[in-house]
Amino acid sequence: MDGKSKMQAEKHLTGTLVLSVFTAVLGFFQYGYSLGVINAPQKMIEAHYGRVLGAIPMVRHATNTSGDDVSINVTVPGTEAWGSSGGTLPPSAGFEDPAVSPHILTMYWSLSVSMFAVGGMISSFTVGWIGDRLGRVKAMLVVNVLSIAGNLLMGLAKLGPSHILIIAGRAITGLYCGLSSGLVPMYVSEVSPTALRGALGTLHQLAIVTGILISQVLGLDFLLGNDELWPLLLGLSGVAALLQFFLLLLCPESPRYLYIKLGKVEEAKKSLKRLRGNCDPMKEIAEMEKEKQEAASEKRVSIGQLFSSSKYRQAVIVALMVQISQQFSGINAIFYYSTNIFERASVGQPVYATIGVGVVNTVFTVISVFLVEKAGRRSLFLAGLMGMLISAVAMTIGLALLSQFAWMSYVSMIAIFLFVIFFEVGPGPIPWFIVAELFSQGPRPAAIAVAGFCNWACNFIVGMCFQYIADLCGPYVFVVFAVLLLVFFLFAYLKVPETKGKSFEEIAAAFRRKKLPAKSMTELEDLHGGEEA
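Residues numbered from 1 in each chain as written. Predicted model: local features only at pLDDT ≥ 70, side-chain atom pairs only at ≥ 80, totals over all residues. Heavy atoms only, no water.

Undergrad: So what exactly am I meant to see when it comes to the overall build of the chain here?
TA: Along its length, the chain carries 26 helices and two strands. The 533 residues of the chain split such that 55% are buried. Expressed as a percentage of contacts within the chain between residues at least 6 apart in sequence, the contacts between residues at least 24 apart total 81%. Accessible area of the chain: about 22,300 Å², with a carbon and sulfur share of 67%. (Helix = DSSP H or I, 4+ residues; strand = E, 2+ residues; numbered from the N terminus. Buried < 20%, exposed > 50% of the residue type's maximum accessible area, 1.4 Å probe, protein only. Contact = heavy atoms within 4.5 Å. Areas by Shrake-Rupley, 256 points an atom, 1.4 Å probe, with all protein chains shown as cover.)

Written as structure tokens, this is what we have:
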């Protein structure tokens, strides 16, 4: 960012803008917290499921510790028989219940984890409709009810059939996060000045990694990750939902929504003045008028039209591929393997080392906030993918040779940290906001809905399939991700445009010119070459 742009950015960074963006990205904080919170209490929740599933109101035959065959009358959850374990016994605790097999427990646990992504997939398609129907701020207000309800169910899990309450709570929270993951980038991109749009857009990812880190810390056994307090741990992001609900009452509506969708010129000007301070709003109003005329000529763009119209095809492909590259990059595999690698490296408390990875994750997301406007979206995305590719290769070598050379564990440890660093430089934060930059007002809601669904679907696929792939490939699992990262890098190099400092209309115009084959980036650079970022 040059000196002139920096002065403009500082001038536009008002208290109202900071409050509005902070309030919006609390939705992504909840998303990150929900992603990370389920891991720490896994064994305790599975043990509790075992006790609850053995608490069906019927007589069952079991074997006691003396080897005698006895009949036991098991009562419904909430009675003394359920509470007699004191919340500390393992599922079998002296008895073996043949009706509760490990497969059933695994099924319920898998559902507890994956229903979050299923909820997100379902609701992501309604983002455009609810965002246009209610407005950005009111929509975020309304969907917070889902978050509060879902977290309440999980927080009260011990008072009823916990497996049902947690699965339902995770699904409802997923519905909220699916809506929020579309509404938040839409709102933030529309209230942000062009000079700050990228930096403020990276706050989505910062909120996610902060949520993950806080869930990891609170999940330590001496805090909330114990048999007494795990329901509170699961439901705690409801506090962030309540905070967001009340702060949204103080936030102005998106001026772009007011002007382009509702035609309320004076209200849009008032909103701009609140967001920009004493700056003259007419330049942005003129830009919105141009965008409004373009949107009017495009009419309403449905999801079907988004795919069938050739003028959106390039942008849609790019939008989907950046989401796929984020989820299939292997970042989830890194977090899966990190504790195990730290254990093999003789780290005394591997759980703290894993939290250390979370800290690095957060620190470099903060750094990316400053890098994204200086270096540009495309450059950082490419650098991040290439760095992750090299780290994945190093990880594979380290894991494959670990049994022969003990020092290879340190190669693997370094590769973990580098992988996370490069992820947060580009592929982590950029997909969340670049989709909103690629489309003008007309197709933007539909595009964000489709991209959100793609992201959630990939999230679900990784969650369901990774364990099987890891079991099949062992230490060579990162070869799969290295190949995928190479494909993503080549695609990004050929197709992903630079959106730094460009208006929505300039970016959309670049895609509308003609079908851009291998020389797409050269044409885009020619189009914008004379402009300053």
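Additional details are given in the paragraphs that follow.
Undergrad: Would you mind showing me how to read the packing of helix 7 (residues 136-155) against helix 12 (residues 237-248) here?
TA: A pair of packed helices is captured by two measures, namely the crossing angle of their axes and the spacing between those axes. It is at 9 Å that the axes of helix 7 and helix 12 come closest, and there the two elements cross at 155°. Regarding the angle of helix 7 to helix 12, the classification is roughly antiparallel. Relative to helix 12, helix 7 is oriented so that their crossing is left-handed. Every residue of helix 12 that contacts helix 7 at Val137, Met140, Leu141, Asn144, Ser147, Ile148 and Asn151 is listed here: Ser237, Gly238, Ala241, Leu242, Gln244, Phe245 and Leu248. Here the residues of the contact of helix 7 with helix 12 sort into eight nonpolar, six polar and no charged. (Axes fitted to C-alpha atoms, helices over the stretch in contact; angles between N-to-C directions. Parallel < 35°, antiparallel > 145°, perpendicular 65-115°, else oblique. Left-handed = near helix turned anticlockwise from the far one by under 90°. Nonpolar A, V, L, I, M, F, W, Y, C, P; charged D, E, K, R; others polar.)

Undergrad: I keep staring at the packing of helix 6 (residues 127-134) against helix 7 and nothing clicks. Help me out?
TA: Between helix 6 and helix 7, the least distance of the axes is 6 Å, while the angle of their chain directions is 115°. Considering the relative orientation of helix 6 and helix 7, their crossing is right-handed. Here helix 6 contributes Ile130, Gly131, Asp132 and Leu134 to the contact with helix 7, which in turn contributes Arg136, Lys138, Ala139, Val142 and Val143.

Undergrad: How should helix 12 be read in this particular structure?
TA: What sets the pattern is the α-helix's 3.6 residues per turn: residues three or four places apart point alike. End to end, helix 12 covers 17 Å across twelve residues, agreeing with the expected 16 Å (1.5 Å per residue, within 8%). Among the residues making up helix 12, those that are buried are Ser237, Gly238, Ala240, Ala241, Gln244, Leu247 and Leu248. Along its buried surface, helix 12 packs onto helix 2 (15-37), helix 7, helix 8 (162-191) and helix 11 (230-235). (Expected span 1.5 Å × (residues − 1).)

Undergrad: It is not clear to me how the environment of alanine 240 should be interpreted in this structure. Could you clarify?
TA: Along the chain, the position of alanine 240 falls in helix 12. The class for alanine 240 is buried, based on a relative accessible area of 9%. Residues alanine 240 and serine 147, spaced 93 residues apart in sequence, show a C-alpha to C-alpha distance of 9.3 Å. Those residues within four positions of alanine 240 in sequence are excluded, and the remaining contacts are Leu26, Phe29 and Gln30.

Undergrad: Sorry, what's going on with the packing of aromatic side chains here?
TA: To describe a pair of aromatic rings, you give the distance between the ring centres and the angle between the ring planes. Inspection of every chain in the model, using the stated rule, returns nine aromatic pairs. Centroid distance phenylalanine 28 to tyrosine 31: 6.3 Å. Interplanar angle 90°. Geometry classified as edge-to-face. Separated by three residues within a single helix, phenylalanine 28 and tyrosine 31 lie in helix 2, roughly one turn from each other. For phenylalanine 28, a relative accessible area of 1% corresponds to the buried category. One aromatic cluster in this structure is built from Phe28, Tyr31, Phe116 and Trp456. Taking the ring centre of tyrosine 259 as reference, the NZ or CZ of lysine 292 above it sits at 5.3 Å. (Phe/Tyr/Trp six-rings, centres within 6.5 Å; stacked < 30°, edge-to-face > 60°. Lys NZ or Arg CZ within 6 Å of the ring centre and 35° of its normal.)

Everything listed is a geometric property; what it means functionally is a separate question.
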